Amino acid sequence: MGAVEKAAPVVAQQPMVALLGNPNCGKTALFNRLTGARQKVANYAGVTIERKEGLFTSTAGNSFRLLDLPGAYSLSAHTPDEEITRDVVAGLRAGERSPDVVACVVDATNLRLNLRLVLEIKRLGLPMVLCLNMVDVAQKRGIVIDTARLSQELGMPVVETVAVKTGGEKALVDALDAMWPVHQSQANPLSAIDAVSVEETQREVRRILALAVKDADDRGNRSEKIDHFVLHPVIGPVILALLMFCVFQAVFSWAETPMDMISGGVEGLGAMLKEHMADGVLRSLLVDGVLGGVGAVLVFLPQILILFFFILVLEDCGYLPRAAFLLDRLMGGVGLSGRAFIPLLSSFACAIPGVMAARTIQNPRDRIVTIMIAPLMTCSARLPIYALVIAAFIPDREVWGVFNLQGLVLFCLYFAGIISAMAVAWVMKRFMGTKRNRPLMLELPAYHWPHMRNLAIGLYERAKIFLMRVGTTILTLMVLLWALSSFPGAPEGATQPAIYYSVAGMLGRALEFIFAPIGFNWQICIALVPGMAAREVAVGALGTVYALSQTGDELATSLAPVIASGWGMPTALALLAWYVFAPQCLSTLSVVRRETNSMKYPLIMAGYMFALAYVATFITYRTALALGA
Ligand SMILES: Nc1nc2c(ncn2[C@@H]2O[C@H](COP(=O)(O)OP(=O)(O)OP(=O)(O)O)[C@@H](O)[C@H]2O)c(=O)[nH]1
Ligand SMILES: [Mg+2]
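Below: a short report on this structure. (Residues numbered from 1 in each chain as written. Chains lettered and ligands numbered in written order. Predicted model: local features only at pLDDT ≥ 70, side-chain atom pairs only at ≥ 80, totals over all residues. Heavy atoms only, no water.)

This next bit is on the overall build of the protein. Counting its secondary structure elements, the protein contains 28 helices and 11 strands. Sequence-distant contacts, at least 24 apart, represent 73% of the contacts inside the protein between residues at least 6 apart. Carbon and sulfur atoms form 63% of the exposed surface of the protein, whose accessible area is close to 28,600 Å². (Helix = DSSP H or I, 4+ residues; strand = E, 2+ residues; numbered from the N terminus. Contact = heavy atoms within 4.5 Å. Areas by Shrake-Rupley, 256 points an atom, 1.4 Å probe, with all protein chains shown as cover.)

Shown next as structure tokens:
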């Protein structure tokens, strides 16, 4: 081997270091710590699995490229994620440079599971360094690892890292520096891995563990004590429900001040424009189109961030896999596997990553059903609509002394989405024929306090995505809608506001035939048209439509009071029901087409969701009318 290495030339550009390891061992945390903001996120060519690459410069001034690979349990790939990881390290992916160094990241508290992959990768013969990550947790649990011995047994440098601590990555950087200059090398064929049986690998893992690791008696540790309650068959679900409940309460009560500040700012800006600009087309475009539309969506940033703050905290401290575990039985009841939990949970952010995450489900029927119900989970784009209508119609008061009524309604809307998703899954499973599912086997990580840096990065990314959408898609659609709503102008002797006679007004009135039975007026109908492209656009559209509907010269203040005086309670409830079900997101439908590689599923999805939406809205509206709400 030495002779071969001497002959190999030094890597010409910056060497490529690949971070590889089991899911959840801290690769991404390490990646973020090493690269900071110097990262590029894209997809692997032809598939929708995220590819993260970054750059970093070591203390010695050497510069490396870093690749964050999808987590894998084994190189004999079982899931599309694992396939990518295998192909990239083995240099089998066209257009993808194979790594020059593999930094294998392992969870130091779970070497028994993690070392198997290490041994597999070692057989590829690439230069390697082993990162014992989470040594902070290992230490606390009294796990003592003899790194020198481990390094000797594995035949590679072994370093200890704490990816969530400043400076916790230093040992890895030093180890990479020690490998400088990096020589070109070629991975052995994958058959080298298959040649060794799983049992043999397992035996080798046990042998090494016996030599290098002393595990203090693990029983009675903190996580297990906590899990005694959290995973309890009765107490567990109660805790889960309470937690979720508090989250939705907070979404309303904490967001109030920042929302007031944003809408105050938007209004102030509008007032300033009105004062300093002559009345005319440009002023109307800026005030009614841009500020009225975009401003109406922008105020929901605080609520979205608060919701994600909680989701990220729960994920980071290790609660989410437990929730999956708790819900496995519930999902089993409708014929879904617990594996569907993660895709469905992601769908609360947005159905698109959810649909893509369904790739990790091996059973094709389960996968299809999961994809089909993902858009029923309440995505963050619905939040603006829900929040707007709730703020306008649901009184902000206490119920039973503890709960805030607005939060309670929001909770119910989320719940309605979940329940109907389960019902649809159950029906689809009937149609497709049933098949028994194996119970969920999940690695439950130890609980730990969430890390500020991870939280901050997660929230920053959410905010960026939201603001990008506001600045691009929503802004464009708003300007377009403003144009459609402004021309042609009102005829002589008009009795209605000008928008009533515009192209959009005509369109809205035409649609009223379909939507009047479920309680929507022509303003809502207009807003639904651009709202077909993406849900939150409808809020902006209502902003524009109502800004242009204002008669006289008074300023269109925030939207909530305007709709509160314009709609009845039945219409408000009907609109909420509509948004629980309506398939108003073209991007989701196109991703479903791509992921299922057929037009059939997006069409079925759009069809069943429209039908559900219409029926649910009809019932809601008629019931509310009958009850005299
Ligand atoms: N205490 C502690 N926690 C860590 C450490 N490294 C990572 N974590 C936490 O472990 C969790 C998983 O980390 P990630 O970086 O997302 O793991 P990953 O390997 O990228 O996971 P996948 O992308 O799903 O394969 C996060 O909650 C981190 O905050 C560490 O060294 N110490
Ligand atoms: Mg990761």
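There's plenty left to go through after this.
This brings us to the packing of aromatic side chains. Counted under the stated rule, the structure contains 10 aromatic pairs. Between Phe515 and Trp578, the ring centres sit 5.4 Å apart and the planes meet at 90 degrees, which makes this aromatic pair edge-to-face. Taken together, the residues Phe515 in helix 22 (residues 503–515) and Trp578 in helix 26 (residues 569–581) connect sequence positions 63 residues apart. Judged by its relative accessible area of 7%, Phe515 falls in the buried class. Positioned above the aromatic ring of Tyr447, the side-chain terminus of Arg322 is 3.9 Å from the ring centre. (Phe/Tyr/Trp six-rings, centres within 6.5 Å; stacked < 30°, edge-to-face > 60°. Buried < 20%, exposed > 50% of the residue type's maximum accessible area, 1.4 Å probe, protein only. Lys NZ or Arg CZ within 6 Å of the ring centre and 35° of its normal.)

Quick look at the nonpolar core now. In this structure, Leu336, Leu344, Tyr386, Phe520, Trp567 and Trp578 are the most contacted members of the largest nonpolar core, which totals 123 residues. Sort the elements by how many residues they give to this core and helix 20 (residues 405–432) lands first, with 12 residues. Counting residues domain by domain, this core receives three or more from each of domain 2 (235–461) and domain 3 (467–627). Within the second largest apolar cluster, 44 residues are counted, among which are Leu20, Leu69, Ala108 and Leu117. (Core = buried A, V, L, I, M, F, W, Y, C linked by side-chain atoms within 4.5 Å. Domains from an automatic or database assignment.)

Moving on to the site of ligand 1. Lining the immediate environment of ligand 1, one finds 19 residues, of which Lys27, Thr28, Ala29, Asp136 and Asp316 sit closest. In this structure, Thr28 approaches ligand 1 through a side-chain N or O atom, which is 2.6 Å from an oxygen atom. Between an oxygen atom of ligand 1 and a main-chain N or O atom of Ala29, the distance comes to 2.7 Å. For ligand 1, whose unbound accessible area comes to 660 Å², protein coverage reaches 83%. Secondary structure elements with two or more residues in the shell around ligand 1: helix 2 (27–35) and helix 5 (135–140). The element contributing the most residues to the shell around ligand 1 is helix 2, with three residues. Across the shell around ligand 1, the residue classes tally to eight nonpolar, eight polar and three charged. Split by domain, the residues of the shell around ligand 1 number at least three in each of domain 1 (16–215) and domain 2 (235–461). (Near = heavy atom within 4 Å. Polar contact = N/O pair within 3.5 Å; in protein donor to acceptor, adjacent residues only side chain to side chain. Nonpolar A, V, L, I, M, F, W, Y, C, P; charged D, E, K, R; others polar.)

On to the environment of Leu459, then. Examined against the element boundaries, Leu459 turns out to sit in helix 21 (residues 452–486). Excluding residues that lie within four positions of it along the chain, Leu459 makes contacts with Leu305, Phe308, Phe309 and Leu312.

Tracing the chain through its elements places Asp68 in strand 4 (residues 63–68). A polar side-chain atom of Asp68 sits 2.9 Å from a polar atom in the side chain of Thr28. Sequence-distant contacts of Asp68, that is, excluding residues within four places in its chain, are made with Leu19, Lys27, Thr28, Phe31, Tyr44 and Lys52.

In this chain, Trp180 is followed by Pro181 through a cis amide linkage whose omega measures -10 degrees. Mapped onto the elements of the fold, Pro181 is located in the loop between helix 7 (170–178) and helix 8 (191–194).

Ordered by their spatial adjacency, seven strands build an open sheet running 2-3-4-1-5-6-8, and the pairing between neighbours is mixed. Sheet topology places strand 2 (39–43) and strand 8 (158–160) at the edges, where each strand pairs with a single neighbour. Strand-to-strand twist in this sheet, taken as the mean axis angle between neighbours without regard to direction, amounts to 25 degrees. The sheet contacts of helix 2 involve strand 1 (16–21), strand 2, strand 3 (50–57), strand 4, strand 5 (101–107) and strand 6 (128–133), and relative to strand 3 the element is tilted by about 40 degrees. (Pairing = 2+ DSSP bridges. Axes fitted to C-alpha atoms, helices over the stretch in contact; angles between N-to-C directions.)

Once that is clear, we can look at helix 26. Helix length check: helix 26, at 13 residues, gives a terminal C-alpha distance of 19 Å against a target of 18 Å (1.5 Å per residue), a fit within 8%. A large share of helix 26 lies buried, amounting to 11 of its 13 residues. Looking at helix 26, one finds that the buried residues are Pro570, Thr571, Ala572, Ala574, Leu575, Leu576, Ala577, Trp578, Tyr579, Val580 and Phe581. (Expected span 1.5 Å × (residues − 1).)

On the surface, a nonpolar cluster with roughly 460 Å² of combined accessible area is contributed by Phe229, Val234, Ile235, Val238 and Leu242. For the nonpolar patch, the leading source of residues is helix 11 (residues 235–253), giving three residues. Its location among the elements puts Val238 in helix 11. Classification of Val238 by relative accessible area gives partly exposed; the value is 46%. (Patch = residues over 30% accessible without salt bridge, like charges linked within 9 Å, V, L, I, M, F, W, Y side chains within 5 Å. Salt bridge = Lys/Arg side-chain N within 4 Å of Asp/Glu carboxyl O.)

Before going further, it helps to examine the pairing of strand 5. Among the seven residues in strand 5, seven count as buried, and that is most of the element. Of the two faces of strand 5, the one lined by Val101, Ala103, Val105 and Asp107 and the one lined by Val102, Cys104 and Val106 are each fully buried. In the sheet, strand 1 pairs with strand 5 via five bridges, with the strands oriented parallel. Within strand 5, the position partnered with Ala18 by the bridge is Val102. Sheet topology places strand 5 next to strand 6; six bridges connect them, and they run parallel. What sits directly across from Ala103, in strand 6, is Val129. You can see the chain leave strand 5, run along helix 4 (residues 111–122) and come back into strand 6, and the turn it takes is right-handed. (Right-handed = clockwise from strand over helix to strand, strands pointing away.)

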